[in-house]
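Here is what each chain is made of, one letter per residue.
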Amino acid sequence: MTPIAPFVFPGLRSRVIFGAGTIARTGSEVERLGHSRALVLSTPNQEADAYALADRLGPLAAGVFTEAAMHTPVEVTEKALEVFRNTGADCVVALGGGSTTGLGKAIATRIGADQVVIPTTYAGSEMTDILGETAGGEKTTRRDASILPETVIYDVDLTLTLPVGLTVTSGLNALAHAAEALYAEDRNPVIALMSAEAIRALAEALPAVVRTPSDAEARGLAQYGAWLCGIALGGSAMALHHKLCHTLGGSFGTPHAETHAILLPHTVGFNAGAAAGLLEPVAEAFGDTPGRGLFRFAQGLGAPMRLADFGLSEADLDRAAEIATKNPYSNPRPFDRQQIRSLLQDALEGRQPPQ
Ligand code: NAD
């Protein structure tokens, strides 16, 4: 018999609409929240999709703001808030990846606006009450109930255009949430089930999407896995992997999804011995030890493998290891600066992790 340890399950708080063509339900979801004037958000890259959505919404669209940017700069949020007020908007509809979702969250937490999020990557932000913002070059992260989106529409059709490179890095970014949820200090059996299912789904779907990017069935499975990963991220305290990614992104400007993709085999490999039983779903899905299995999986997908390819140099590693070990946080395996320095060296060079 497996004993059930005491746990807290934080609950599932967002309404989710999942399936091909579900973007057509955006208007009814806006109305369901009691609103009638949505400000549609996107990055400049997805401007055409944002305007097409506004057309589809007709009178329910108050306007379109297409300047969302990575790491949610507060200047952009302030500009968007002005548009929100000038257009008489009463809610936001965020169409895009984590950057656009971040802008919607930043608006929502300032003025209490409801959010409908339509994710087009696998980053998972839409399922969390976490907001990272940058002001004066500094990134700060906070959690608050007002940040969590009310409604999320997962329309697989929108992910068909996600370039293969971003599909791979974003998919590995999602996997990182599930992997760390498995050994989180505040883990619980419900999120563990979801994480194991997410890992299984992404392990099957990502290679199929790389083979045939237009494979709607594989894209659907990848998006389903990514949704579960988002729940895992929102409902668990992340550990070494997310802290290291935060350090590299925040202090060295490395790109979000790529950093997650490169570090994942190394961080999970580092924790593999200390969390062997908990990481069983990773070993089952990818074979070998968790770190080596993930390394080969990422390699097979054509993922970036070397931090050196993203502007990080050997000279940065001492400082990165120092920043990453300055404040204590929970992790299954204790670590010191030298161990993190050595992990980063492997990731810099794209060397296979030892476990
Ligand atoms: P992103 O949102 O920055 O998107 C990257 C680029 O891809 C953008 O130009 C975007 O317009 C484009 N794009 C997105 N979907 C597309 C599609 N289907 N087809 C074509 N182009 C598409 O990337 P991301 O990795 O989703 O998000 C990264 C950001 O999200 C970071 O700022 C990160 O900190 C944040 N994030 C936050 C949380 C959280 O819980 N707060 C979680 C994960 C990520």
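Residues numbered from 1 in each chain as written. Predicted model: local features only at pLDDT ≥ 70, side-chain atom pairs only at ≥ 80, totals over all residues. Heavy atoms only, no water.

S.K.: What should I look at first to understand the UniProt feature "domain: Alcohol dehydrogenase iron-type/glycerol dehydrogenase GldA" (unreviewed entry) in the chain in this one?
M.R.: Per the UniProt entry, the sites bearing "domain: Alcohol dehydrogenase iron-type/glycerol dehydrogenase GldA" (unreviewed entry) are residues 14-155 in this numbering. For residues 14-155, helix accounts for 32% and strand for 29%, while the C-alpha atoms at its two ends are 16 Å apart. (UniProt positions renumbered as here; feature names shortened; annotations may be inferred. Helix = DSSP H or I, 4+ residues; strand = E, 2+ residues; numbered from the N terminus.)

S.K.: Looking at this structure, how should I read the domain arrangement of the chain?
M.R.: It is common to give the size of an interface as the accessible area that goes away when the parts come together. Splitting the chain by domain gives domain 1 (15-159) and domain 2 (164-349). Between the C-alpha centres of domain 1 and domain 2 the distance comes to 26 Å. Opposite the 18 residues of domain 1 that make contact, domain 2 presents 23 residues. Roughly 1,800 Å² of surface becomes buried between domain 1 and domain 2 when both sides are summed, with 62% attributable to carbon and sulfur atoms. Where domain 1 touches domain 2, the interface holds zero salt bridges. Those elements that provide at least two residues to the side of domain 1 that touches domain 2 are β1 (15-18) and β7 (138-143). If you tally residues by element for the side of domain 1 that touches domain 2, the top one is β7, at three residues. Taken together, the residues of the side of domain 1 that touches domain 2 sort by class into 10 nonpolar, five polar and three charged. (Domains from an automatic or database assignment. Contact = heavy atoms within 4.5 Å. Buried area = accessible area lost by both parts, 1.4 Å probe. Salt bridge = Lys/Arg side-chain N within 4 Å of Asp/Glu carboxyl O. Nonpolar A, V, L, I, M, F, W, Y, C, P; charged D, E, K, R; others polar.)

S.K.: Teacher, can you tell me more about the environment of Ser-14 here?
M.R.: By the element assignment, Ser-14 lies in the segment before β1. On the basis of relative accessible area, Ser-14 is assigned to the buried category, the value being 18%. As for Ser-14 and Leu-148, which are separated by 134 residues in sequence, their C-alpha atoms are 7.6 Å apart. Beyond its immediate chain neighbours, meaning those up to four positions away, Ser-14 contacts Glu-126, Met-127, Leu-148, Pro-149 and Glu-150. Here Pro-149 takes part through its backbone oxygen, which lies 2.9 Å from a polar atom of the side chain of Ser-14. (Buried < 20%, exposed > 50% of the residue type's maximum accessible area, 1.4 Å probe, protein only. Polar contact = N/O pair within 3.5 Å; in protein donor to acceptor, adjacent residues only side chain to side chain.)

S.K.: Sorry, what's going on with the UniProt feature "domain: Fe-containing alcohol dehydrogenase-like C-terminal" (unreviewed entry) in the chain here?
M.R.: When the UniProt feature table is mapped onto this chain numbering, "domain: Fe-containing alcohol dehydrogenase-like C-terminal" (unreviewed entry) sits at residues 167-347. Segment residues 167-347 splits into 72% helix and 0% strand. End C-alpha atoms: 20 Å apart.

S.K.: Any chance you could explain helix α4 (residues 98-111) here in plain terms?
M.R.: An α-helix turns once every 3.6 residues. As a result, residues three or four positions apart point the same way. Taking 1.5 Å of rise per residue, 14 residues should cover 20 Å, and α4 covers 20 Å from first to last C-alpha, within 8% of that figure. The buried fraction of α4 is high, at 11 of 14 residues. When α4 is considered as a whole, its buried residues turn out to be Ser-99, Thr-100, Thr-101, Gly-102, Leu-103, Gly-104, Lys-105, Ala-106, Ile-107, Ala-108 and Thr-109. One or two residues past the end of α4 sits Gly-112, with phi positive at roughly 75°. (Expected span 1.5 Å × (residues − 1).)

S.K.: Explain the layout of surface pockets here, please?
M.R.: Once rolled over the atoms, a probe with the size of a water molecule shows which space is left empty. Space inside the second largest pocket adds up to approximately 430 Å³. Lining the second largest pocket are 16 residues; nearest its centre among them are Arg-187, Asn-188, Pro-189, Ala-192 and Leu-278. Here the element with the most residues in the lining of the second largest pocket is helix α6 (residues 189-211); it accounts for three residues. Among the residues making up the lining of the second largest pocket, the classes are represented as 11 nonpolar, three polar and two charged. (1 Å grid on protein atoms, 1.4 Å probe; cavity = no way out; pocket = protein on both sides within 12 Å on 5 of 7 lines; lining within 4 Å. Points joined across faces, edges and corners; volume = space filled by probe spheres on them.)

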